[in-house]
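# A structural walkthrough
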Amino acid sequence: MKYIIGNWKAHKTISQAKEWLETFKSQLDTDSSILDKLQSGKVTIIFCPPFHLLYLFENIVKTVPNFHLGVQNVSTQDEGSYTGEVTAKSLTGFAKYAIIGHSERRRFFHENNEDIKNKIDQCHKNGIQSILCIRGEHDSIFPEANFVAYEPQEAIGTGDNAPLDVVLNVKSHLNLPASVKFIYGGSVNTKNVQEYLSHDQIDGVLPGTASLDPHEFFSLIKHIT
Ligand code: PGA
């Protein structure tokens, strides 16, 4: 089983998201190869749009096997008077996964280890699987994280993906328990996806840019053999 975790970041309006979904669905209808991969359990898609677009994915999640929803962040808080926050508790039964500690959150919103730990705990408490993003070996790993995504900052959005041997070397220093899935993210595209996924030490990829265009995202999954 390989995981494809799409991260839209802060992109797309409601109408743009609807357009993406229509195109993606019509591709699924005309080319059964992706559906076969999803149905056979070879591939699982975890799609992480911004919060305001999650509801648009309700139908695709219900009708397409192994297509799940994730979020890009959760609150450190349980629930209560925290204006503007989205809690893990409020997402139960809808989003099954959450990206936590993405380098953009650490960099632009000053998320620290305590915040990240609290967010992972909130996910764990509410049955949401956390995808902890780390920038390198120096970032802390928290025992409750279900996935660890290695995303070197210099590879994000630059087209300069990290070579496979570097990714494997980082993983070898993390000493992850076998139950934790290891993901690579940073300029994953149709040309390099298979190289990562053909390795048994890598459980999935986390494409950002390549998830924004439905044709490209479809083609990315098609390239997994
Ligand atoms: P990218 O983004 O695929 O555009 O490099 C990946 C990410 O930041 O998660």
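Report on the accompanying structure. In this text the structure is predicted, and so the values were computed from the model without any measurement.

### A few points about the overall build of the protein
- Within the protein one finds ten helices and eight strands.
- The C-alpha radius of gyration computed for the protein amounts to 17 Å, which stays within 12% of the reference 17 Å derived for 225 residues, consistent with globular compactness.
- Dimensions of the protein, computed from C-alpha atoms along their principal axes, come out at roughly 45 × 40 × 30 Å.
- Within the protein, buried positions represent 49% of all 225 residues.
- At a minimum sequence separation of 6, the contacts of the protein that also span at least 24 residues come to 67%.
- Side-chain charges of the protein comprise 21 positive and 26 negative groups, with the mean position of each set lying 3 Å from the other.

### With respect to the site of the ligand
- Around the ligand, the surrounding shell holds 13 residues, and the nearest of these are Lys 9, His 102, Gly 157, Ser 187 and Thr 209.
- Within the side chain of Glu 151, one N or O atom sits 2.9 Å away from an oxygen atom of the ligand.
- For the ligand, an oxygen atom lies 2.7 Å from a polar atom in the backbone of Gly 157.
- Protein chains bury 99% of the 280 Å² of accessible surface belonging to the ligand in isolation.
- A class-by-class count of the residues in the shell around the ligand yields four nonpolar, seven polar and two charged.

### Topic: the pattern of salt bridges
- All chains considered together, the criterion is met by eleven salt bridges.
- The salt bridge involving Asp 31 is made with Lys 222; its shortest N-O contact spans 2.7 Å. Pair noted here: Asp 31 is in the loop between helix H1 (14–30) and helix H2 (32–39) and Lys 222 is in helix H10 (residues 214–222), with a separation of 191 residues, a long-range link.
- Overall, Asp 31 belongs to the partly exposed group, its relative accessible area being 22%.
- Residue Lys 222 is classed as partly exposed on the basis of its relative accessible area, which comes to 40%.
- Here Lys 117 ties to Asp 121 by a salt bridge, and the two come within 2.8 Å at their closest N and O atoms. Remark: Asp 121 and Lys 117 occur in helix H6 (residues 113–125); sequence separation between them is four residues, near one turn of the helix.
- What makes Lys 117 partly exposed here is its relative accessible area of 40%.
- Members of the salt-bridge network, linked through shared partners, are Asp 78, Glu 79, Lys 89 and Lys 125.

### A look at the pairing of strand E2 (residues 43–48)
- Most of E2 sits inside the fold, with six of its six residues counted as buried.
- Here E2 shows two buried faces, one formed by Val 43, Ile 45 and Phe 47 and the other by Thr 44, Ile 46 and Cys 48.
- Note: strand E1 (residues 2–7) against E2, six bridges, orientation parallel. Looking at the pairing, Ile 5 lines up with Ile 46 of E2.
- Sheet topology note: the E2/strand E3 (residues 67–71) ladder contains three bridges and is parallel.

### Some thoughts on a nonpolar patch on the surface
- Together, Ile 14, Tyr 55 and Phe 94 line one region of the surface with nonpolar side chains, adding up to about 260 Å² of accessible area.
- Position of Phe 94 relative to the elements: it lies in the loop between helix H4 (88–91) and strand E4 (97–100).

What counts as what
- Each chain has its residues counted from 1, running along the sequence as written.
- In keeping with the predicted nature of the model, local features appear solely for residues at pLDDT of at least 70, side-chain atom pairs appear and are counted solely at 80 or more, and the whole-chain, interface and lining totals rest on all residues.
- The basis for every side-chain value is the complete set of heavy atoms in the structure, and neither hydrogens nor water enter the calculation.
- Going along the chain from the N terminus, every DSSP run of H or I of four or more residues is numbered as a helix, and every run of E of two or more is numbered as a strand.
- Both definitions apply: the radius of gyration is a C-alpha atom measure, and the globule rule equals 2.2 Å times residues to the power 0.38.
- Only protein chains enter the accessibility calculation, which uses a 1.4 Å probe; a residue whose area is less than 20% of its type maximum is buried, one above 50% is exposed, and one in between is partly exposed.
- Should any heavy atoms of two residues lie within 4.5 Å, those residues are counted as being in contact.
- By the counting rule applied here, Lys and Arg register as positive and Asp and Glu as negative, while His and the ends of each chain are not counted.
- To locate a charge, the coordinates of NZ of Lys, CZ of Arg, CG of Asp or CD of Glu are taken.
- Residues are counted as near a molecule or strand when any one of their heavy atoms sits within 4 Å of it.
- Any pair of nitrogen or oxygen atoms within 3.5 Å is treated as a polar contact; in protein, a donor-acceptor pairing is required on top of that, and neighbouring residues in sequence qualify only through side-chain atoms on both sides.
- Throughout, the Shrake-Rupley method with a 1.4 Å probe supplies accessible areas, and for residues the shown protein chains are the sole cover considered.
- Under the convention adopted here, Pro, Cys and the residues Ala, Val, Leu, Ile, Met, Phe, Trp and Tyr are nonpolar, Asp, Glu, Lys and Arg are charged, and Gly plus all remaining residues are polar.
- A pair is scored as a salt bridge if a Lys or Arg side-chain nitrogen falls within 4 Å of a carboxyl oxygen belonging to Asp or Glu.
- Strand pairing requires that DSSP identify at least two bridges connecting the strands.
- Surface patches are drawn from residues lacking salt bridges whose relative accessible area is over 30%; two like charges belong together within 9 Å, two nonpolar side chains (Val, Leu, Ile, Met, Phe, Trp, Tyr) within 5 Å.

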